[in-house]
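So you can see what is in the structure, the chains are spelled out below.
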Amino acid sequence: MGYSTYMVGKWHLGFCKVEYTPTRRGFERFYGFYLAGEDHYNHSNSNGLDLHDDLDPDWSQNGIYSSYLYSDKAVDFIESHDKAKPFFMYLAYQSIHSPNEVPQKYFDMYPSVKNDGRRAVMAMATALDDGISKVVDALKKNGLWKNTLLIFSSDNGAPVNAEHEGSNWPLLGVKQQLYEGGTRAAAFIHGDMLKKTGYTYNGMIHVVDWHPTIANIAGEKCKMKIWMALTCGTHCRLTHHRQGKKWSIT
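These numbers were taken from a predicted model, which means no experiment stands behind them.

Definitions and limits used
Residues numbered from 1 in each chain as written. Predicted model: local features only at pLDDT ≥ 70, side-chain atom pairs only at ≥ 80, totals over all residues. Heavy atoms only, no water. Axes fitted to C-alpha atoms, helices over the stretch in contact; angles between N-to-C directions. Helix = DSSP H or I, 4+ residues; strand = E, 2+ residues; numbered from the N terminus. Parallel < 35°, antiparallel > 145°, perpendicular 65-115°, else oblique. Contact = heavy atoms within 4.5 Å. Nonpolar A, V, L, I, M, F, W, Y, C, P; charged D, E, K, R; others polar. Salt bridge = Lys/Arg side-chain N within 4 Å of Asp/Glu carboxyl O. Buried < 20%, exposed > 50% of the residue type's maximum accessible area, 1.4 Å probe, protein only. Patch = residues over 30% accessible without salt bridge, like charges linked within 9 Å, V, L, I, M, F, W, Y side chains within 5 Å. Areas by Shrake-Rupley, 256 points an atom, 1.4 Å probe, with all protein chains shown as cover. Core = buried A, V, L, I, M, F, W, Y, C linked by side-chain atoms within 4.5 Å. Polar contact = N/O pair within 3.5 Å; in protein donor to acceptor, adjacent residues only side chain to side chain.

1. As for the packing of helix H1 (residues 66-80) against helix H3 (residues 116-141)
Between two packed helices, both the angle of their axes relative to each other and the distance between the axes serve to describe the pair. In contact at an axis separation of 9 Å, H1 and H3 are set at 10° when each is read in the N-to-C sense. Considered as vectors, H1 and H3 are oriented roughly parallel to each other. Between H1 and H3, the residues in contact are Ser67, Ser71, Asp72, Ala74, Val75, Ile78 and Glu79 and Ala127, Leu128, Gly131, Lys134, Val135, Ala138, Leu139 and Lys141, respectively. Per-class residue counts for the contact of H1 with H3 are eight nonpolar, three polar and four charged.

Printed below as a string of structure tokens:
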């Protein structure tokens, strides 16, 4: 389809063989980690270093906070990108995943929050916001913002425990549960190509709908009504039907 493809941050889709790593699964460039989580500063887990520049381990970023690191790498990809070509970037920050680690300046922004776990989550979210702002500024600086569709989405509800004091209120349940609090997550989209903005879409969308929707936007012919529903603010009805051993959504 003519798009350059970049991936930054958390992969977590397997690496038992090189064929399962990002640059063998559709991405031209990758910078990030393979597993679920790790230390935000030394980029290691119980198995050792998990930080990769394409297939090569990167030992040079010890002490650099993850949100800073992945924002800077995303900006590098934007700065070096051939502006004559469109691109797709999947930027999967480690924040606000445990462990609760954040630069002190962000922690100090919330002195009235007495629960340290909750305070750390808020601080990490603020550091994440600053990282996204840096990426948006790079898109604007390089003349790409007006033709960019930004999709921001969480992947699950918050965990609620002594370390990670998240909140899914008023929904019942937490991460790793099938209640709405564990499976329903916030998202928003931004772009000049949207026909309707400034509203809340209350229709049903599953995270797997993003793949065919993005492909459809990029020019691939897909039987997908989600984009029309999102851009116009109309509701589409999702019908689940079985074709042989597979379920389809139309």
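2. Looking at the pattern of salt bridges
Following the criterion strictly, the structure yields six salt bridges and no others. For Asp72, the salt bridge is made with Lys134, and the minimal N-O distance between the two is 2.4 Å. Residue Asp72 is found in helix H1, and its partner Lys134 is found in helix H3; the two are separated by 62 residues along the sequence. Taking relative accessible area as the criterion, Lys134 reaches 41% and is therefore assigned partly exposed. Residues Arg184 and Glu180 are paired through a salt bridge, measuring 3.1 Å at the closest nitrogen-oxygen approach. For Glu180, a relative accessible area of 44% corresponds to the partly exposed category. The structure contains a network of salt bridges with shared partners spanning Arg29, Asp53 and Asp54.

3. Things to note about the side chain of Ser67
In this fold, Ser67 is placed in helix H1. Classification of Ser67 by relative accessible area gives buried; the value is 1%.

4. Observations regarding a nonpolar patch on the surface
On the surface, Met1, Tyr3, Phe88 and Tyr90 cluster together to form a nonpolar patch covering roughly 390 Å² of accessible area. Owing to a relative accessible area of 30%, Phe88 belongs among the partly exposed residues under this scheme.

5. Section: the nonpolar core
Among the nonpolar cores identified, the biggest contains 21 residues, and Tyr70 and Ile78 are the most heavily contacted of them. Of all the secondary structure elements, the ones that give two or more residues to this core are strand E1 (4-10), strand E2 (29-33), H1 and H3. Excluding anything up to four places from it in sequence, Ile78 contacts Lys83, Phe87, Met89, Val135, Ala138, Leu139, Asn142 and Leu144. If you look at the next biggest cluster of nonpolar residues, it comprises eight residues, including Tyr65, Val102, Phe107 and Ala123.

6. Things to note about helix H5 (residues 210-217)
Among all positions of H5, only Trp210, Thr213 and Ala215 are buried. Lining the buried residues of H5 we find strand E8 (150-153), strand E9 (187-190) and helix H6 (226-232). Looking at the residues trailing H5, positive phi occurs at Gly219, about 120°.

7. Here's the deal with the environment of Lys83
Relative to the elements of secondary structure, Lys83 occurs in the loop between H1 and strand E7 (87-92). Residue Lys83 is classed as partly exposed on the basis of its relative accessible area, which comes to 37%. Sequence separation between Lys83 and Gly143 is 60 residues, and the spatial gap between their C-alpha atoms is 8.7 Å. Excluding anything up to four places from it in sequence, Lys83 contacts Ile78, Asn142 and Leu144. From its side chain, Lys83 meets the backbone oxygen of His81 in a polar contact 2.9 Å long.

As far as function goes, none of this settles anything; it's purely spatial.
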